[in-house]
Amino acid sequence: MNVVKSKPNRSLTRRAAIKTALAGAAVAAIGPTALSAKDRNVPAGYVDCHSHIWTRDVKKYPLAEGKTVADLDPPSFTTEELLALARPLGVGRVVLIAHTQYYVYDNTYMVDAAKAHPGVFSVVGALDHELPRVAERMRKNLGDHIRSYRIASWRDPKGWLQGEGMTQMWTTAAEEGISMGLLLNPENLPQVDRMCEKFPDTPVVIDHFGRVGVDGEIRKKDLDNLCRLARHKHVHVKVSAYYALGKKQPPYLDLAPMIRRVLDAYGANRCMWGSDAPYQIVPPHTYQASLDLVTKQLDFLSDEDRSWLLGKTAEKVYFA
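Residues numbered from 1 in each chain as written. Predicted model: local features only at pLDDT ≥ 70, side-chain atom pairs only at ≥ 80, totals over all residues. Heavy atoms only, no water.

1. What about the pattern of salt bridges?
With the rule as written, the count across this model stands at 16 salt bridges. Between Arg150 and Asp207 there is a salt bridge; the shortest N-O distance is 3.1 Å. Of this pair, Arg150 sits in strand 4 (residues 146-152) while Asp207 sits in the loop between strand 6 (204-206) and helix 8 (220-228), and the two are 57 residues apart along the sequence. (Salt bridge = Lys/Arg side-chain N within 4 Å of Asp/Glu carboxyl O. Helix = DSSP H or I, 4+ residues; strand = E, 2+ residues; numbered from the N terminus.)

Right under this line is the structure:
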């Protein structure tokens, strides 16, 4: 989600933020992590269900649509920078999300990260549903750790879930246990509801609460529409991107009633925490503050709720 409002000298501010966050992370280890993996061949720790990565190595990983390194904002957020930030805070695994603004349908950088760090990353890729043999492409991509596809409403708000290729994607997803990762605005939630009725067995993940509250106001109608989707048993919600919702200020306690409402509707086993790094580490926001909301701030969460939010749900959807 790239919804941070423009500020003076934004690139310089974000570059400083990245350096500050990474430096702080190096000394911010928090002790025992929530999820033990000692009997499994996976890294121990929390699972961040939503982070982007990109690199200034545009020779090896070209940017799309005429973009240059000058367009990268923040200027760098590589695989190594993400791990340096997340690991000291107890995050053992991360779900990497396609960033179509820079790479459109090219998933190579994320796939290479997943191959270089076995068990650490799962990939939510991008796929042009108008290409031939969509189902075949999706099945082949499973070998590249692509367990989900990001589908955004921006380019065609009315027709974004339509067409034969989209039908193939949702059908294949149901057959293969691949999830449809939906980035949308609140007004698109009824469209998703209709799609879930048509494809009841397709796993669906709603990014960032369906962006309810992105304009600063959490409307009952929007939240009702989000919670209405809970009747579809394969729909999950990312409890994420706090920097962009409601008052947009840490410690984000204004979001607590929405989080509680969503958990009451879906159950913690269908909700998952995500940072939306690197946008979540632009001042005054930090990765630690995002994690703290779930680990320390929400007193209505049980230990079992936290275990689902901080790992078990994402593991089920992206790593099983």
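This is not the end of the story, as more comes after the structure.
2. Some details on unusual backbone geometry
Cis geometry is adopted by the peptide bond preceding Pro251, which originates at Pro250 and carries an omega value of 10 degrees. Among the structural elements, Pro251 can be located in the loop between strand 7 (235-240) and helix 9 (256-266). Geometrically, the link from Pro283 to Pro284 is a cis peptide bond, its omega value of 10 degrees lying close to zero. Positionally, Pro284 belongs in the loop between strand 8 (271-274) and helix 10 (287-297). You will see that His145, though not glycine, has its phi angle at about 70 degrees, which is positive. Secondary-structure assignment places His145 in the loop between helix 5 (134-141) and strand 4. Residue classification places His145 among the partly exposed residues on the basis of a relative accessible area of 31%. (Buried < 20%, exposed > 50% of the residue type's maximum accessible area, 1.4 Å probe, protein only.)

3. Some remarks on the confidence of the model for the protein
For the protein, per-residue confidence averages 90 on the pLDDT scale, and residues scoring 70 or more make up 87% of the total. Note on residues 22-39: pLDDT is under 50 here. Beyond four places in sequence and across chains, it has 29 contacts. (pLDDT = per-residue confidence, 0-100. Contact = heavy atoms within 4.5 Å.)

4. As for the pairing of strand 8
Side chains Cys271 and Trp273 project from strand 8 onto one buried face, and the interleaved Met272 and Gly274 project onto a second face that is buried too. Relative to strand 8, strand 7 runs parallel, the two being bridged by 4 bridges. In the sheet register, Ser240 faces strand 8, and the bridge partner there is Gly274. In this fold, strand 7 hands off to helix 9, which returns the chain to strand 8; that crossover is right-handed. (Pairing = 2+ DSSP bridges. Right-handed = clockwise from strand over helix to strand, strands pointing away.)

5. Topic: the sheet that holds strand 4
What the 8 strands build is an open sheet, ordered 1-2-3-4-5-6-7-8; its pairing is parallel. Unpaired on one side and paired on the other, strand 1 (46-51) and strand 8 mark the two borders of the sheet. In this sheet, adjacent strand axes meet at a mean angle of 25 degrees when their direction is disregarded. In this sheet, strand 7 lies alongside strand 6 in parallel orientation, the contact comprising 3 bridges. For Val205, the partnering residue across the bridge sits in strand 7 and is His236. (Axes fitted to C-alpha atoms, helices over the stretch in contact; angles between N-to-C directions.)

6. Quick notes on the environment of Lys238
Along the chain, the position of Lys238 falls in strand 7. Its relative accessible area of 1% is what places Lys238 among the buried residues. Sequence separation of Lys238 and Leu309 is 71 residues, and the distance between their C-alpha atoms is 8.9 Å. Look past the residues within four positions of Lys238 in its chain and what remains in contact with it is Cys49, His50, Ile97, Val205, Ile206, Asp207, His208, Phe209, Met272 and Tyr318.

7. Examining the packing of aromatic side chains
Evaluation of the coordinates by the stated rule reveals 7 aromatic pairs. Between Tyr242 and Tyr252, the aromatic rings sit 5.5 Å apart at their centres with planes inclined by 40 degrees, giving tilted as the arrangement. Taken as a pair, Tyr242 in the loop between strand 7 and helix 9 and Tyr252 in the loop between strand 7 and helix 9 lie far apart in primary sequence, 10 residues in all. A single burial state applies to Tyr242 and to Tyr252, both of which are buried. Joined through ring pairs, the aromatic side chains of Trp54, Tyr102, Tyr243 and Tyr279 make up one cluster. (Phe/Tyr/Trp six-rings, centres within 6.5 Å; stacked < 30°, edge-to-face > 60°.)

8. Description of the environment of Ile178
By the secondary structure assignment, Ile178 is in the loop between helix 6 (164-176) and strand 5 (179-183). Classification of Ile178 by relative accessible area gives buried; the value is 0%. Put simply, Ile178 and Tyr318 are 140 residues apart on the chain and 8.4 Å apart in space, counted from C-alpha to C-alpha. Here Ile178 is in contact with Met138, Leu142, Arg147, Ser148, Tyr149, Ala173 and Pro203, once residues within four sequence places are set aside.

9. Quick notes on helix 2 (residues 79-86)
Helix 2 sits mainly inside the fold: 6 of its 8 residues count as buried. Buried within helix 2 are the following residues: Thr79, Glu81, Leu82, Leu83, Leu85 and Ala86.

10. Some thoughts on the nonpolar core
Grouped together as the largest cluster of nonpolar side chains are 88 residues, with contacts concentrated most on Trp170, Met180, Leu182, Ile206, Phe209, Leu226 and Val262. Per-element accounting of this core gives the leading share, 6 residues, to helix 9. Apart from the residues within four sequence positions on either side, Leu226 is in contact with Leu189, Ile206, Phe209, Val212, Val237, Val262 and Tyr266. Residues Val47, Cys49, Val95 and Ile97 belong to the second largest nonpolar core, which totals 10 residues. (Core = buried A, V, L, I, M, F, W, Y, C linked by side-chain atoms within 4.5 Å.)

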